[in-house]
Amino acid sequence: WRGWEGAPYSTLVPSDEVTINYRHGLPVITLLLPTRSERCQFTVKPVVTTVGAFLQDVQREDKGIERAEVFASDGSKVSDGTLMEVLLMNDFKLVINNTAYSVSPLVKDKLSSEHATEMEDIRSLVHRLFVALHLEDHQIRKERELLQKLDHLKGELLPLEQMKARIMDSADAKTSRLLWVGLALMSTQGGALAWLTWWVYSWDIMEPVTYFITYGSAMAFYAYFLLTRQDYIYPHAKDRQFLHYFYRKSRKQRFNVERYNKLKDDLAETEESLRRLRQPLHLRLPIQEISDKD
């Protein structure tokens, strides 16, 4: 026999003398060493191992090997710099000394479900290791971003908070004055009715007057319900009057209530995100919190 490129060899061995199996997702090439007469397994990493490196491993394992080459199915010699991943995609001939081995690698579609499961397990393990090694740095960067956003929101809210405090003080003062004015009017009304009853007229004349005053008050409370859809309860009425004064004062002072509420919502959301980020149990990592800001 005479092989490719004019290289002579005496024997063409069937493909079962050189087998390729997959273990933990990596190809394992098993072949018979010529001088030691024993089978030897070589585990290769397809994406980093070259054909030349594989042949050197075979020659180191058996010092009696003088010639080790790989030929493609069309007879062309495979370069030593070719990756094993490319070689294992097609059939090839492995020539050791004067013996040629016909090799038929398993294509990807023929891999067993067990091998596919092992590959998925390896990918999952690599992903978990990557997350464990890089998540802490990502969390620190995220925490710095949230702290910067928190400072920015607080800076925007500070003048609005001061303006809101002044408006609230003014509205609260007006509401309190209105309540005291109501008490003064009720006291004046009671004194006037008593004076008219005992000093000016008799009870027989004032009784219908008090009846219509009571009926008029009931009508006023009913009208309040129709306008507000709420019962006339003193705390609720006070709060309603306070909001009336507050919004009227806000328009005069050009205080943007909607923008203020939006900033408050963003601040609360940022603080909640920062709180969740600083929970080691939530991320299942012993993350050290940042004590200073860049």
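Quick notes on the rules
- Residues numbered from 1 in each chain as written.
- Predicted model: local features only at pLDDT ≥ 70, side-chain atom pairs only at ≥ 80, totals over all residues.
- Heavy atoms only, no water.
- UniProt positions renumbered as here; feature names shortened; annotations may be inferred.
- Phe/Tyr/Trp six-rings, centres within 6.5 Å; stacked < 30°, edge-to-face > 60°.
- Helix = DSSP H or I, 4+ residues; strand = E, 2+ residues; numbered from the N terminus.
- Buried < 20%, exposed > 50% of the residue type's maximum accessible area, 1.4 Å probe, protein only.
- Core = buried A, V, L, I, M, F, W, Y, C linked by side-chain atoms within 4.5 Å.
- Contact = heavy atoms within 4.5 Å.

Naming follows an unreviewed UniProt entry, where the chain appears as Calcium uniporter protein of Sitta europaea. Per its UniProt entry, the chain bears the Function (unreviewed entry) comment "Mitochondrial inner membrane calcium uniporter that mediates calcium uptake into mitochondria. Mitochondrial calcium homeostasis plays key roles in cellular physiology and regulates cell bioenergetics, cytoplasmic calcium signals and activation of cell death pathways." Under the heading Sequence similarities (unreviewed entry), UniProt records this for the chain: "Belongs to the MCU (TC 1.A.77) family."

Chemist: Before we move on, could you go through the packing of aromatic side chains and cite the residues and values that matter?
Modeler: Scanning all chains against the criterion turns up 6 aromatic pairs. Aromatic pair F42 and F54: ring centres 6.0 Å apart, planes at 85°, arrangement edge-to-face. One end of the pair, F42, is in strand β4 (residues 38-43); the other, F54, is in helix α1 (residues 51-61), and 12 residues separate them in sequence. Residue classification places F42 among the buried residues on the basis of a relative accessible area of 8%. Here F246 and F255 contribute two aromatic rings whose centre-to-centre distance is 6.4 Å and whose plane-to-plane angle is 80°, an arrangement assigned as edge-to-face. Three or more aromatic residues link up through ring pairs in this structure, and these residues are F242, F246, Y247, F255 and Y260.

Chemist: Report on the nonpolar core, specifying residues and quantitative values.
Modeler: Membership of the largest hydrophobic core comes to 25 residues, with the highest contact counts inside it found for L31, F54, V70, F92 and L94. Going through the elements one at a time, β3 (26-33), β4, α1, β5 (68-72), α2 (84-87), β6 (92-96) and β7 (99-103) are the ones with two or more residues in this core. With residues near it in sequence (within four places) discarded, F92 still touches I20, V70, F71, L87, Y101, S102, V103 and P105. Core analysis: the next-biggest nonpolar cluster, separate from the first, contains 18 residues, L147, F242, F246 and Y260 among them.

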